[in-house]
Amino acid sequence: MDARSMRCEEVRTFLPEYVGEDEVYPRSIQAHLATCTACALEESRYAGLLQTVRGLRDQDELTPAGFAERTLQRLERELAWRRRVRRLARDPRARVAAAGIGGVVVGAAAIALLLRRNARRRAALRAA
Amino acid sequence: MAGSNRLVDAALVAACRRGEPGAFEELVARTQHRVYGLAYRLVGDRGEAEDVAQEAYLRVFRALGSFREEARFETWLHRIVTNAAMTHLKRRGRFPDLVREPETAPEPPPARPADQTVDRDEVRAALAELPEGLRVTLVLREMYGLSCREIGEELGISEGAVKVRLHRGRKRLRDVIHGRAQHEV
């Protein structure tokens, strides 16, 4: 890129790409910025803006009133739920019940499959 | 100051992992403004930010056992908050905005005098006006110092796409604040 051939508009399209980054401007842009006050001002405006954005990080957002309490209550509810599930998993009666329910579900699925297969066979026989 | 913060954070995390009573409460009390602040900057809404911050703490609690002590707690915490915010935005159906930018930019506001400085409240308001995808990228890069590669990993996009968003985000932010017309040559 030739500095003399670069117009302000072109230079400004590159500014947001380089400003605030470690990469250095191409020489042609550097040369333009060294001689064009308006573009140099525009660059410093970008730099100032990004500086302000970075400064926002140090400004903590105040949490809404009661935030910590609500968070801990939510955590407590989740822990209570987990404890209940764990207790249930250790209870032999619950295991028997779960095995029973599992057996019923598997049995029902097997019966449904058999019925479907028979229905298909009958339909095939009728078609033949 | 940052060093002593880091030591306190590390001690608190260790106490939480040992299951010491009150340690997690202390951790929440100490980090809540940081966590809520990041959540708010990412989702741009105070009510949603509370949900995200709470979800992040649940994730922190579940994952404390897998936290490697040589890692920096703050970085780990920020990553969890960012993940929680991304999950939230995707669930809210705002994911398309995270991966695709709107075709047309809104008309910039009237130009302001060149020598007028920008205050933090103005910048905060302007950031909130940006589309999700641009705001999230700018916040993670400029405020939290994540590299383009790290941001790409968080958002599930390429490093090149992150650079494009940074470019657009900075330009859009500048347009929102200063207006575009006055420096046309």
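Residues numbered from 1 in each chain as written. Chains lettered and ligands numbered in written order. Predicted model: local features only at pLDDT ≥ 70, side-chain atom pairs only at ≥ 80, totals over all residues.

Looking only at helices and strands, chain A has 5 helices and 0 strands in total. Start at the N end of chain A and walk to the C end: the helices and strands fall as α-α-α-α-α. For chain A, the C-alpha radius of gyration of 35 Å lies well beyond 14 Å, the compact-globule estimate for 128 residues. Along the three orthogonal principal directions, the C-alpha set of chain A runs to about 90 × 60 × 25 Å. (Helix = DSSP H or I, 4+ residues; strand = E, 2+ residues; numbered from the N terminus. Rg over C-alpha atoms; globule rule 2.2 N^0.38 Å.)

With that settled, consider the overall build of chain B. Along chain B, the regular secondary structure elements total 9 helices and 0 strands. The buried share of chain B, taken over its 185 residues, is 37%. Relative to all contacts within chain B whose residues are 6 or more apart in sequence, the contacts with residues 24 or more apart total 70%. (Buried ≥ 20, exposed ≤ 12 C-beta atoms within 10 Å, placed from the backbone. Contact = placed C-beta atoms within 7 Å.)

Turning to the interface of chain B and chain A, a few remarks are in order. Where interface size is quoted, it is often the accessible area lost as the parts come together. Listed as interface residues are 33 residues of chain B and, on the opposing side, 33 residues of chain A. Elements with a minimum of two residues in the side of chain B that touches chain A: helix H2 (23–43), helix H3 (46–63), helix H6 (120–129), helix H7 (132–143) and helix H9 (159–178) of chain B. Take the side of chain B that touches chain A: its biggest share by element is 9 residues, from H2 of chain B. Of the residues belonging to the side of chain B that touches chain A, the class tally is 16 nonpolar, 7 polar and 10 charged. (Nonpolar A, V, L, I, M, F, W, Y, C, P; charged D, E, K, R; others polar.)

Turning to the nonpolar core, a few remarks are in order. Across soluble globular proteins, you tend to see nonpolar side chains buried next to one another. All names here are of chain B. By size, the foremost hydrophobic cluster in this structure holds 52 residues, and its most contacted members are Ala-39, Ala-56 and Val-81. Top contributing element to this core by residue count: H2, with 10 residues. Leave out the neighbours within four places in its chain, and Ala-39 touches Ala-49, Val-52, Ala-53, Ala-56, Val-81 and Ala-85. (Core = buried A, V, L, I, M, F, W, Y, C linked by C-beta atoms within 7 Å.)

This next bit is on the domain arrangement of chain A. Domain annotation for chain A reports domain 1 (3–56) and domain 2 (99–128). Taken over C-alpha atoms, the centre of domain 1 of chain A sits 73 Å from the centre of domain 2 of chain A. (Domains from an automatic or database assignment.)

To continue, consider helix H1 (residues 8–18) of chain A. Among all positions of H1 of chain A, only Val-11, Arg-12, Leu-15 and Pro-16 of chain A are buried. Seen from one end, H1 of chain A has its buried residues packed into an arc of 140 degrees, which puts them on one side. Here the buried face of H1 of chain A lies against helix H2 (27–35) and helix H3 (37–56) of chain A together with H9 of chain B. Count one or two residues on from H1 of chain A and you reach Gly-20 of chain A, which has phi positive near 85 degrees. (Arc of directions from axis to C-beta.)

Residue and element names in this part refer to chain B. At a closest axis distance of 9 Å, the pairing of H3 and helix H4 (residues 73–91) adopts a crossing angle of 125 degrees. By the angle class used here, H3 and H4 are oblique. Here H3 runs over H4; the crossing is right-handed. Note on element contacts: H4 touches H3 through Leu-77, Ile-80, Val-81, Ala-84, Ala-85 and His-88, opposite Glu-48, Asp-51, Val-52, Glu-55, Ala-56, Arg-59 and Val-60. In terms of residue class, the contact of H3 with H4 is built from 8 nonpolar, 1 polar and 4 charged. (Axes fitted to C-alpha atoms, helices over the stretch in contact; angles between N-to-C directions. Parallel < 35°, antiparallel > 145°, perpendicular 65-115°, else oblique. Left-handed = near helix turned anticlockwise from the far one by under 90°.)

Looking now at the domain arrangement of chain B. Residues and elements named next belong to chain B. Parsing chain B into structural domains produces domain 1 (2–93) and domain 2 (96–183). Tallying the contact residues gives 7 residues for domain 1 and 11 residues for domain 2. The set of elements that each furnish at least two residues to the side of domain 1 that touches domain 2 consists of H2 and H4. Broken down by element, the residue count for the side of domain 1 that touches domain 2 peaks at 4 residues, all from H4. Within the side of domain 1 that touches domain 2, the residues separate by chemical class into 3 nonpolar, 3 polar and 1 charged.

Averaged over every residue, the pLDDT of chain A is 88; residues scoring 70 or more account for 96%. For chain A, per-element mean pLDDT is lowest for helix H4 (residues 67–90) of chain A, which scores 89, and highest for helix H5 (residues 92–127) of chain A, which scores 92. (pLDDT = per-residue confidence, 0-100.)

Running from N to C, H4 of chain A and H2 of chain B cross one another at 120 degrees; their axes reach a closest spacing of 10 Å. When you trace H4 of chain A past H2 of chain B, the crossing you get is right-handed. Contacts from Phe-67, Ala-68, Thr-71 and Leu-72 of chain A in H4 of chain A reach Glu-25, Val-28, Ala-29, Gln-32 and Tyr-36 of chain B in H2 of chain B. A breakdown of the residues in the contact of H4 of chain A with H2 of chain B according to their chemical character gives 6 nonpolar, 2 polar and 1 charged.

Here the focus is the environment of Leu-38 of chain B. Residue and element names in this part refer to chain B. Positionally, Leu-38 belongs in helix H2. Residue Leu-38 is classed as buried on the basis of its 28 C-beta neighbours within 10 Å. Residues Leu-38 and Val-136, spaced 98 residues apart in sequence, show a C-alpha to C-alpha distance of 10.0 Å. Not counting the four nearest positions on each side in its chain, Leu-38 is found in contact with His-78 and Val-81.

Moving on, we get to the environment of Arg-6 of chain B. When you line up the elements, Arg-6 of chain B lands in helix H1 (residues 2–17). As for Arg-6 of chain B and Glu-74 of chain B, which are separated by 68 residues in sequence, their C-alpha atoms are 7.8 Å apart.

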